[in-house]
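Observations on chain architecture
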Amino acid sequence: MTPRQRRMLWVGLIVAGVSAATFLALAAFQKNLLYFYTPSQIAAGEAPTGYAFRVGGLVKKGSVHREPDSLAVRFTLTDGAAEVTVFYDGILPDLFREGQGIIAIGRLQPDGRFQATQVLAKHDENYMPPEVAEALERSGKLPPVDDFRRMGR
Amino acid sequence: MTWHEFVHMGGYGAYVWSAYGLTAAVLLWNLAAPLRRRREVLARLRRWYEQENGR
Amino acid sequence: MWAFLHRLASPRHFYHLTGRWIPWLGAATALCLATGLYLGLWVAPPDYQQGDSFRIMYVHVPAAWLSLFVYVFMAAAGAVGLIWNMKMADCLAVSAAPVGASFTFLALATGAIWGKPMWGTWWVWDARLTSELILLFLYLGYIALQNAIEDPRTAARAGAILAIVGSVNIPIIHYSVEWWNTLHQGPTVTRFDKPAIHPSMLWPLLLMALAFQLYFFTVLLMRARSELLWRERRSRWVRELLTQDDIQPSAEREEATP
């Protein structure tokens, strides 16, 4: 083996070793790397009950109720398979609207409702001018926000 | 689009323009740094050769 | 092709050839940047959901792409320098690091500026943002390593190993939005089916990405040439370049006459 081949082998071994170690570490921490839980996971009892976590889903159409004279709001999150009702009192991001993907941070109450302390909007990967979006909506071809459905499976 | 709309950016002017301003600053710095470095290296080399010749 | 690459690997030819390329690269960068900015900031319509704030994408996405590209370039150049003992490759790897670090910083900063109005927060610890932050630390670690080790050969070797080890982070950054639930949205342009972006908004993005790419090569070559002169100071061609004339910086004059 020439010195050059030996160096090549070393580089290959480093890459293989580090990749394997990283793969194992990521596989071990898979759960902790999830940024949020889906309503389906909550329904299946996979979400923690003792401490705060995040839930992500689409704001169900027609489910948003705002309290008059305050910032309090109640809405339903869905991932297409399961739903969870969220309570929140605070400022909502600009992108918050019905049908929008959002992430709520808070605790699951004993009665199964979710009390949020912060609400973040998750925008999707689709970009288009408003006129195009309107035309697509009229023809019923507006791309579904499939992010959460994909994750809910 | 009018000038006003361009600056206002639909209410997101502060965000859009600070992002572009920051980008411009970083790109300009990355352009200035190698130019400065080149002057430095040329000066250092000249000193280095002078020392070598002096010996 | 091989003969051409071989010539490039020779420091002297590299220095003279790239000296002639830089003005052209710079002009192409300026052209793409001007067109991309005009189309992106003035012509492209606002997004149906994000309004005009989506225009931050035109600096955020190219910076993020380049942060990955430059790292791969740096690790590959480092590996070539390590395996084939090629000084030119070391020089390119070392010169790429600060540029890559600043692209990574830009991607993180403009992303935060975009995130505040859209997500409702500057920063979250999701898999995409965290892995991109780790990339910034990898770049900074590489630069610190170069500064800490006196001998350029040793520094380049140590840096190459760090860069190669760190390259496992690259696929993690790219696929993080698919492997885990993240706040960051999924890929738009690099999807296998057609991009989920209207052509009037896609063109400025591609132009800006091209501009950033050309910009990278321009400043990379500028950095690499100075680095090369210093590292090759013992060779005859550098000595001749600098001592031909003691009054004027002859290196500059030499470029002007092809």
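What you see is a predicted model, and the numbers here were worked out from it, not measured in a lab.

The next subject is the packing of aromatic side chains. Note on aromatic pairs: each is described by the distance of the centres and the angle between the planes. Residue and element names in this part refer to chain C. Applying the stated criterion across every chain, the model contains 23 aromatic pairs over all chains. Pairing Phe69 with Phe217 gives two aromatic rings, centres 6.1 Å apart and planes at 75°, and the pair type is edge-to-face. Linking Phe69 in helix 3 (residues 57–84) with Phe217 in helix 8 (residues 199–231), this pair joins segments that are 148 residues apart in sequence. Residue classification places Phe69 among the partly exposed positions, given a relative accessible area of 31%. Residue classification places Phe217 among the partly exposed positions, given a relative accessible area of 28%. A centroid spacing of 6.2 Å and a plane angle of 80° characterise the contact between Phe73 and Phe217, whose relative ring orientation is edge-to-face.

What follows covers the pattern of salt bridges. Within the structure shown, the criterion is met by nine salt bridges over all chains. Here C:Asp52 ties to C:Arg55 by a salt bridge, and the two come within 2.8 Å at their closest N and O atoms. For the pair shown, C:Asp52 and C:Arg55 are each scored as buried. In this structure, C:Arg231 and C:Glu227 form a salt bridge, with 3.1 Å as the shortest nitrogen-oxygen distance. Residue C:Arg231 and its partner C:Glu227 are both found in helix 8; the two are separated by four residues, about one turn of the helix. Overall, C:Arg231 belongs to the partly exposed group, its relative accessible area being 24%. Among the ionic contacts, a cluster of salt bridges with common partners joins B:Arg37, B:Glu40, C:Glu227 and C:Arg231.

Attention now goes to a nonpolar patch on the surface. All names here are of chain C. Side chains of Met1, Trp2, Phe4, Leu5 and Trp21 sit close together on the surface and give an oily, nonpolar patch of about 620 Å² of accessible area. In terms of residues, the nonpolar patch owes the most to one element, helix 1 (residues 2–9), which gives three residues. Tracing the backbone through its elements, the reader meets Trp2 in helix 1. The class for Trp2 is exposed, based on a relative accessible area of 71%.

What follows is about the interface of chain A and chain C. Across the boundary between the two partners, chain A contributes 41 residues, which contact 44 residues of chain C. Summing both sides of the interface, chain A and chain C together bury roughly 3800 Å²; the carbon and sulfur share of this comes to 61%. Area buried by chain A at its contact with chain C is led by A:Tyr35, A:His123 and A:Tyr127, which between them contribute 20% of it. Between the two partners, chain A and chain C, sit zero salt bridges. Counting across the interface, chain A meets chain C through 10 residue pairs in polar contact (both at pLDDT 80 or more).

Parts of the prediction with low pLDDT should not have their coordinates interpreted in detail. Residue and element names in this part refer to chain A. Averaged over every residue, the pLDDT of chain A is 80; residues scoring 70 or more account for 88%. The least confident element of chain A, judged by mean pLDDT, is helix 5 (residues 147–152) at 45; the most confident is strand 4 (residues 83–89) at 91. The low-confidence segment residues 149–153 (pLDDT under 50) makes 13 contacts with residues lying over four places distant or belonging to another chain.

What follows deals with the pairing of strand 5 (residues 101–108) of chain A. Residues in a regular strand project their side chains so that they alternate between the two faces of the sheet. Residues and elements named next belong to chain A. Burial runs high along strand 5: seven of the eight residues are buried. Judged from the six bridges that link them, strand 1 (residues 53–59) and strand 5 form a sheet pairing that is antiparallel. Bridge pairing in strand 5 places Leu58 opposite Gly101. Summarising the sheet, strand 5 and strand 6 (residues 114–121) pair through seven bridges and their orientation is antiparallel. Residue Gly106 lies in a different strand from strand 6, and its bridge partner there is Ala116.

Once that is clear, we can look at the packing of helix 4 (residues 87–118) of chain C against helix 5 (residues 127–148) of chain C. Residues and elements named next belong to chain C. Here helix 4 crosses helix 5 at 150°, and the two axes come no closer than 9 Å. Classified by the interaxial angle, the pair formed by helix 4 and helix 5 is roughly antiparallel. Between helix 4 and helix 5 lies a crossing whose hand is left-handed. Contacts from Ala93, Val94, Ala97, Pro98, Gly100, Ala101, Thr104, Phe105, Ala107 and Leu108 of helix 4 reach helix 5 at Leu129, Glu132, Leu133, Leu135, Leu136, Tyr139, Tyr142, Ile143 and Gln146. The class makeup of the residues in the contact of helix 4 with helix 5 is 15 nonpolar, three polar and one charged.

A few words now on the environment of A:Gln118. Secondary-structure assignment places A:Gln118 in strand 6. Judged by its relative accessible area of 31%, A:Gln118 falls in the partly exposed class. Sequence-wise, A:Gln118 and A:Gly56 are 62 residues apart; in three dimensions their C-alpha atoms are separated by 12 Å. Beyond its immediate chain neighbours, meaning those up to four positions away, A:Gln118 contacts A:Tyr88, A:Ile103, A:Ala104, A:Ile105, C:Gly120 and C:Thr121.

Glancing now at the pairing of strand 3 (residues 72–78) of chain A. Residue and element names in this part refer to chain A. Across the seven residues of strand 3, six count as buried, placing the element largely inside the fold. One ladder, built from two bridges, connects strand 1 with strand 3; its direction is antiparallel. When the sheet's bridge partners are listed, Val59 is paired in strand 3 with Leu77. Two successive antiparallel strands, strand 2 (residues 65–66) and strand 3, enclose a turn made up of five residues, where Asp69 displays a positive phi of approximately 65°. With seven bridges joining them, strand 3 and strand 4 adopt antiparallel strand pairing. Looking at strand 4, one finds that Leu77 is bridged to Val84. Linking strand 3 back to strand 4 in an antiparallel pair, the connection comprises four residues, with Gly80 at a positive phi of about 95°.

Once that is clear, we can look at the side chain of C:Ser67. All names here are of chain C. Mapped onto the secondary structure, Ser67 falls in helix 3. Among the polar contacts listed, one links the side chain of Ser67 to the backbone oxygen of Ala64, at a separation of 2.6 Å. Setting aside chain neighbours within four positions, we find Ser67 in contact with Phe103, Thr104, Glu132, Leu135 and Tyr139.

Rules and cut-offs
- Residues numbered from 1 in each chain as written.
- Chains lettered and ligands numbered in written order.
- Predicted model: local features only at pLDDT ≥ 70, side-chain atom pairs only at ≥ 80, totals over all residues.
- Heavy atoms only, no water.
- Phe/Tyr/Trp six-rings, centres within 6.5 Å; stacked < 30°, edge-to-face > 60°.
- Helix = DSSP H or I, 4+ residues; strand = E, 2+ residues; numbered from the N terminus.
- Buried < 20%, exposed > 50% of the residue type's maximum accessible area, 1.4 Å probe, protein only.
- Salt bridge = Lys/Arg side-chain N within 4 Å of Asp/Glu carboxyl O.
- Patch = residues over 30% accessible without salt bridge, like charges linked within 9 Å, V, L, I, M, F, W, Y side chains within 5 Å.
- Areas by Shrake-Rupley, 256 points an atom, 1.4 Å probe, with all protein chains shown as cover.
- Contact = heavy atoms within 4.5 Å.
- Buried area = accessible area lost by both parts, 1.4 Å probe.
- Polar contact = N/O pair within 3.5 Å; in protein donor to acceptor, adjacent residues only side chain to side chain.
- pLDDT = per-residue confidence, 0-100.
- Pairing = 2+ DSSP bridges.
- Axes fitted to C-alpha atoms, helices over the stretch in contact; angles between N-to-C directions.
- Parallel < 35°, antiparallel > 145°, perpendicular 65-115°, else oblique.
- Left-handed = near helix turned anticlockwise from the far one by under 90°.
- Nonpolar A, V, L, I, M, F, W, Y, C, P; charged D, E, K, R; others polar.

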